[in-house]
Amino acid sequence: MTVHDTRLAGGRVFLHGSGLEDVDLLITDGLVAGIVSRDSDAEAREVVQLGGKLVLPGAIDPHVHLGKDIRVPRDPDDARLETASAAAGGITSMLVYLMSGEPYETVVPGAQAVMEQDSYVDFGFHICVGTDDHVHDIPAYMREFGISSFKFFMNFKGEEGAYLGLPGNDDGYMYDVLGMAADNGAMINPHPENIELVWKLKNRPIDESRGPLSAWNQSRPSFVEAEAVQRVAYMAQITGASVYAVHTSSQLALEAMERQRRSYENLFVETCTQYLTLTTEADCGTYGKVNPPIRERADLEALWVALAEGKVDTVGSDHNARHRSFKEKDVWTASAGFPGTGGVLPLTLSEGLRRGVPLDRLVDATSTRAAKLFGMYPQKGTIRVGSDADIAVVDLDGSYVINAATQHSGADYTPWEGTEVPLQVVHTLVRGEFALRDGQLAERTTGRYLRREHSGAAALAAADSEGEA
Ligand SMILES: [Zn+2]
């Protein structure tokens, strides 16, 4: 009889189609080798008793920035500290944005090497395109590196992208990017903000009496985001591209996407934990400055409705390990962005359950849908025989208070400081190995690079045919 590596016993396991089941998981060689009844006599070298805790597919953070300049991970701690944050929050895979004006064959191998040394979680890359050469090379990036999703900053007109080393672009460039993605089964992840409106609105008086987050929101109101979403979604239909609106923050942007979806289906929506849990009333000050801005209560409520209805595809973090010294300034000079990957699963799950959102929607939004959209399914995003044993074990009777230390990030602060979370991730397994065990991070990191052949509609078609097999 086969002796398995690990038996996760006594948990309540989330299985697609049937929901929570009182079954045991058998893990061998990093894969789910069996899903068996409690009284099965299957043997394993180690049996881990879970005592009724929730066993979920490991969460996937589809939106992460690494590196001190937020462009590229370069140092060991860029990978180690930030992926520790992820693993401590039940993340087992992340997709990291690489940003460079250089050809990416000079960037990807170094970033991959840094991550393979020190990442707790499996990882893939999105590439930010900014030059004509980048667009031309999309097929080569897909073939050589298995990178099938490409970001494009609609707001980088003129000199706006210079701080990331990216030249200015325009809607003609966007048209080329979308066409190239459509021809090759890739997906475009636009940063949708109309920068010309932002420039215009800069001269408008702003009421700063309601705090820094309100002031920042007034300076980049949600129609700035919604107009850009609408434009890129329309052009997606014209070109046949798959478009994934990153960090959707507002009711107006959701509505713009819904309107376009009525006539064209390959449009996808990501939101981030901050837009589901923070409003301009939050007391985190400039730590919470981000683009798009934290919005009003009505936007947060609209995002939860959309998530429950399946109109929000994924929840990511837009994690950015910008150090606190860049944040402790007035709202106009503080840097945008903050760390958040550690909160994606705990905050979305706890707040979603409190609101009565079905567990299968929460699992979909924090794991399965990202796996399907970004070409990782069914290796990732589900618990089934043959899939990677990527698991988050959650104690619904546990609780913890978020602070900089619980987040592990080198940024050394969190906008959720002091937030009490009424559940706790206790174990995180990446391909069958404990990255987090009883709340303690492992000594050794085991994250591997993820190649992803297609993203968007092409990846969904592949995932669907797998589902039927
Ligand atoms: Zn981002």
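Given the structure is predicted, the values throughout are model-derived calculations rather than measurements.

Turning next to the pairing of strand S12 (residues 187-191). S12 sits mainly inside the fold: five of its five residues count as buried. In S12, alternate side chains face the same way, and those of Met187, Asn189 and His191 on one face and Ile188 and Pro190 on the other are all buried. Two strands pair when backbone bridges link them, and strand S11 (residues 149-153) and S12 are joined in this way by five bridges, in the parallel orientation. The residue bridging Lys151 from the neighbouring strand is Asn189, located in S12. You can see the chain leave S11, run along helix H5 (residues 171-184) and come back into S12, and the turn it takes is right-handed. Alignment of S12 against strand S13 (residues 242-245), held across two bridges, turns out to be parallel. Following the sheet pairing, Ile188 is matched in S13 by Val243.

Turning next to the packing of aromatic side chains. Both the distance between ring centres and the angle between the ring planes are used here to describe each pair of aromatic rings. Inspection of the entire model under this criterion finds 12 aromatic pairs. Seen in terms of ring centroids, Phe123 and Tyr449 are 5.7 Å apart; in terms of plane orientation they differ by 50°. Their pairing is tilted. Of the two residues, Phe123 is situated in strand S10 (residues 122-128) and Tyr449 in the loop between strand S22 (440-441) and helix H15 (457-468); the sequence distance between them amounts to 326 residues. Each of the two residues, Phe123 as well as Tyr449, counts as buried. When the ring of Phe338 is compared with that of Trp416, the centres are 5.8 Å apart and the planes differ by 85°; the resulting orientation is edge-to-face. Of the two residues, Phe338 sits in the loop between strand S16 (319-320) and helix H12 (344-354) while Trp416 sits in the loop between helix H14 (404-407) and strand S19 (420-421), which places them 78 residues apart along the sequence. An aromatic cluster is present here, built from Tyr104, Tyr141 and Phe145 joined pairwise through their rings. Directly above the aromatic system of Tyr97 lies the positively charged group of Lys151, at a separation of 4.5 Å from the ring centroid. A cation over a ring is seen here: Arg437 above Phe434, with NZ or CZ 4.2 Å from the ring centre.

A general trend in soluble globular proteins is that nonpolar side chains are found buried together. Among the nonpolar cores identified, the biggest contains 122 residues, and Phe125, Phe150 and Leu307 are the most heavily contacted of them. Setting aside residues no more than four positions away along its own chain, Leu307 makes contact with Leu276, Val312, Val315, Val357, Arg361, Leu362 and Ala365. Among the nonpolar cores identified, the runner-up in size contains 17 residues, and Leu15, Val23, Val32 and Ile383 belong to it.

Let us now look at the packing of helix H8 (residues 222-239) against helix H9 (residues 251-261). The interhelical angle for the contact between H8 and H9, taken along N-to-C directions, is 20°, at an axis separation of 8 Å. What the angle tells us is that H8 and H9 run roughly parallel. The chirality of how H8 crosses H9 is right-handed. In contact with Ser222, Phe223, Glu225, Ala226, Val229, Gln230, Ala233, Tyr234 and Gln237 of H8, H9 contributes Leu252, Ala253, Ala256, Met257, Arg259 and Gln260. Looking at side-chain class alone, the contact of H8 with H9 contains nine nonpolar, four polar and two charged residues.

Together, Tyr175, Tyr234 and Ile238 make up a nonpolar patch on the protein surface, roughly 330 Å² of accessible area in all. Considering the arrangement of structural elements, one finds Tyr175 in helix H5.

Below, the discussion takes up the layout of surface pockets. Approximately 560 Å³ is the volume found for the largest pocket. In terms of lining, the largest pocket is formed by 30 residues, of which the most central are Asn155, Tyr163, Arg220, Asn291 and Ala336. Secondary structure elements with two or more residues in the lining of the largest pocket: strand S8 (59-65), S11, helix H6 (195-201) and helix H7 (212-219). Counting residues per element, the lining of the largest pocket draws most heavily on H6, which supplies four residues. Counted by class, the lining of the largest pocket contains 15 nonpolar, nine polar and six charged residues. Space inside the second largest pocket adds up to approximately 250 Å³.

Each value, and the rule that gives it
- Here, residues in each chain are numbered from 1, in the same order as that chain's written sequence.
- A pLDDT threshold of at least 70 governs which residues receive local features in this predicted model, and a stricter bar of 80 or more applies before side-chain atom pairs are shown or counted, although totals over entire chains, interfaces and linings include all residues.
- Excluding hydrogens and water, the side-chain values take into account all heavy atoms of the structure.
- Here the term buried applies to any residue with accessible area under 20% of the maximum for its type, exposed to any over 50%, and partly exposed to those in between, with areas from a 1.4 Å probe on protein chains only.
- Helix and strand definitions here come from DSSP, where helices need a minimum of 4 consecutive H or I residues and strands a minimum of 2 consecutive E residues; each element is numbered from the N-terminal end.
- Any two strands are treated as partners once DSSP identifies two or more bridges connecting them.
- Crossovers are described as right-handed under a simple rule: with the strands pointing away from the observer, the path leading from the first strand over the helix to the second runs clockwise.
- Two rings from Phe, Tyr or Trp (for Trp, the six-membered ring) form a pair when their centres sit within 6.5 Å of each other. Planes less than 30 degrees apart are called stacked, planes more than 60 degrees apart edge-to-face, and all others tilted.
- Criterion for a charge above a ring: Arg CZ or Lys NZ at most 6 Å from the ring centre, at most 35 degrees from the ring normal.
- We define the nonpolar core as a collection of buried residues of types Ala, Val, Leu, Ile, Met, Phe, Trp, Tyr and Cys that are connected through side-chain atoms lying within 4.5 Å of one another.
- Pairs of residues are marked as contacts when any of their non-hydrogen atoms sit within 4.5 Å.
- The convention used is that axes are lines fitted to C-alpha atoms, helices contributing only their stretch in contact, and that angles between N-to-C directions extend from 0 to 180 degrees.
- Just so you know how the angles are binned, under 35 degrees is roughly parallel, over 145 roughly antiparallel, 65 to 115 roughly perpendicular, and the rest oblique.
- Left-handed is the label given to a crossing in which the near helix is rotated counterclockwise from the far helix by less than a right angle, and right-handed is the label when the rotation is clockwise.
- The classification used treats Ala, Val, Leu, Ile, Met, Phe, Trp, Tyr, Cys and Pro as nonpolar, Asp, Glu, Lys and Arg as charged, and all other residues, Gly among them, as polar.
- The patch calculation keeps residues exceeding 30% relative accessible area without a salt bridge and links them within 9 Å when they carry like charges or within 5 Å when they are nonpolar (Val, Leu, Ile, Met, Phe, Trp, Tyr).
- Exposure was quantified through the Shrake-Rupley algorithm and a 1.4 Å probe, taking into account, for residues, occlusion by the shown protein chains and nothing else.
- The working definition used for a salt bridge is a side-chain nitrogen of Lys or Arg within 4 Å of a carboxyl oxygen of Asp or Glu.
- Points on a 1 Å grid, built from protein atoms alone, make a cavity when a 1.4 Å probe fits but cannot get out and make a pocket when they are open with protein on both sides within 12 Å along at least 5 of 7 lines; residues with an atom within 4 Å of a point are the lining residues.
- Grid points are joined across faces, edges and corners, and a volume is the space filled by probe spheres set on the points.

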